[in-house]
Amino acid sequence: MIFKLFFIFFLIILIIKNSESVDSTVNVHLLKSRTELASSFKESLSFKTISFDDESNKIDYDEFLKFHNFLQNKFPIIHRVLKRTIINKYSLLFEWTGSDKTLKPILLNSHYDVVPVTESEWSFNPWGEIRNDNIYGRGSIDNKVVLMATMESIEAILANNYTQPIRTIYLCFGHDEEIGGMNGHRMIARHFRENLVRAEAIFDEGCPFLASNFIPGFHDIIAGVGVFEKGYLFYKLTSKVNSFTHSAIPPTESAIGILSKALAKIESNPFAPIENIEKKNQLLQLFNGETIKSNPFLDSMTKTTTALSMIHAGSKPNIIPTTASAWVSHRIINGNSIEFVKNRILDLINDTRITMEIEGFLEPSPISSPFTTAYQILKQTIYQQFGGYNVKVVPTQLMANTDTRHYWDITDNIYRFMPIVGNFMDFVSIHGSNEKISIDDYIKTIHFYKKLILNFQPFSNSSNTNYINKNLKINDYCPNSIYSK
């Protein structure tokens, strides 16, 4: 009797231990245990798929091809059922063909390249380590987590005999997002144009959901869905003087002094907030004006920002340089333009001895509507996943740029999000040190993408009816909204 009781107790503990791999809300079980899922994800981080933006470091594309082989070995069903196309040698496109060709496809986008690592600044192995129920490694948030969670979810869906969706699904995995995506997602988007593919919606990486008290005093989780992005303008300012003298005989004005005055004007004259920006960025509606102004994260969402990022002048302490250069970065809010920002800066400087050399630019993105069926299904999936928490789902502005810039003419409906609840240190770690995700959060991310896929459509050869869009009633057009077209 004692042995039987012990055996039953052992089974209960075993079930609880692995319960994170089973989601009772949708009748699709993951194929691996909690430990196996964590181990596979850790292994994905071991591939040093680093994108360097300077020519002094050569990208090791062998690591990218090794990652391809890793995916083939880990997800054999996907590679057997879905059509895989290699785009421009290293980016991957998987097509999960739907039975109804009249329906526009959805795109699940991510990237698997990562930024470089300074290993001395890490307390854990930056290429994959499991410690204290956390998975550490470059890419654990940005952005292998989305790729791996998507693959694990679809592998499980296929294994549970959900083999053909009604609507075609594309998995688009870029290899150079961290340096602009010009050879990755830009080429995938070109592939779609050449094949006359228009998408119903694109779901791509975005900001992690804001944990309780991320904004002091606000206790709900904020699930921000990026419906638009800021643009950017990067440029170099250079001042020149004709005199070249020893520091013992300094000129009245030096190149450094001239440039410094210009930089001081730029920094002391910030751009004004855009009027009624909260109508576009509904996250701001959660806070009063005083809170927004006092919080740098929120305040940056109201206007075009300015950052003085680099400066260079001189070669020796006792020689006065004839030139000085500085680099400036603006993130341009919807409502301003590249031309407006450039002209305003030149007017502020008002000095012909200073030249501006533009090194990078992108207009603010179009705004996607939060009243489409696609957005509402995403919103309901977030509530479904985080139903045990107080969560606010709001359309917002993404503070960074993504590869979605290459898809503006593929669909009007682009939604950027990261279904992970993050605190301030998680944000700091994304391009910093000790980037990590908890094992539980990784498994929840897998379940999230599984739900999103199942919620978005039924499957033609399955009796499954547990998808929320069956009875979803959404008005695609809302005439009183700024998002209406």
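Just above, that's the structure.
Residues numbered from 1 in each chain as written. Predicted model: local features only at pLDDT ≥ 70, side-chain atom pairs only at ≥ 80, totals over all residues. Heavy atoms only, no water.

Participant: Give a detailed account of the overall build of the protein, specifying residues and quantitative values.
Facilitator: When helices and strands are tallied, the protein shows 13 helices and 17 strands. Within the protein, the fraction of its 485 residues that count as buried is 51%. Long-range pairs, those at least 24 residues apart, make up 80% of the contacts in the protein with a sequence separation of at least 6. Put simply, the protein shows about 22,600 Å² of open surface, and 53% of that area lies on carbon and sulfur atoms. (Helix = DSSP H or I, 4+ residues; strand = E, 2+ residues; numbered from the N terminus. Buried < 20%, exposed > 50% of the residue type's maximum accessible area, 1.4 Å probe, protein only. Contact = heavy atoms within 4.5 Å. Areas by Shrake-Rupley, 256 points an atom, 1.4 Å probe, with all protein chains shown as cover.)

Participant: How would you sum up empty space enclosed by the protein? Please name residues and give values.
Facilitator: Across all of its chains, the model carries two cavities of 30 Å³ or more by this definition. Together, 15 residues line the largest cavity, and C207, G224, M301, T396 and Q397 are the ones closest to its centre. For the lining of the largest cavity, the element with the highest residue contribution is strand β9 (residues 201-210), accounting for four residues. Roughly 30 Å³ of internal volume is contained in the second largest cavity. Lining of the second largest cavity is provided by L30, L31, K32, L37, E152, E155 and A156. Of all the elements, helix α5 (residues 144-159) adds the most residues to the lining of the second largest cavity, at three residues. Within the lining of the second largest cavity, the residues separate by chemical class into four nonpolar, no polar and three charged. (1 Å grid on protein atoms, 1.4 Å probe; cavity = no way out; pocket = protein on both sides within 12 Å on 5 of 7 lines; lining within 4 Å. Points joined across faces, edges and corners; volume = space filled by probe spheres on them. Nonpolar A, V, L, I, M, F, W, Y, C, P; charged D, E, K, R; others polar.)

Participant: Describe the environment of R34, and please don't skip the residues or the numbers.
Facilitator: For R34, the position within the fold is in helix α2 (residues 34-45). When the C-alpha positions of R34 and D440 are compared, they lie 8.4 Å apart, and in sequence the two are 406 residues distant.

Participant: Outline the sheet that holds strand β12 (residues 305-313), supporting the account with residue identities and numerical values.
Facilitator: One open sheet accounts for four strands, arranged β12-β13-β11-β14; its pairing is antiparallel. For this open sheet the edge positions go to β12 and β14 (354-362), each flanked by a neighbour on one side alone. Across this sheet, the average inter-strand angle for adjacent strands is 20 degrees, counted without regard to direction. Two strands pair when backbone bridges link them, and strand β11 (residues 231-240) and strand β13 (residues 323-332) are joined in this way by ten bridges, in the antiparallel orientation. When the sheet's bridge partners are listed, Y235 is paired in β13 with V328. The strands that helix α7 (residues 255-268) touches are β11, β12, β13 and β14; relative to β13, the one it contacts most, it runs at about 15 degrees. (Pairing = 2+ DSSP bridges. Axes fitted to C-alpha atoms, helices over the stretch in contact; angles between N-to-C directions.)

By themselves, these are just geometric observations and shouldn't be taken as functional.
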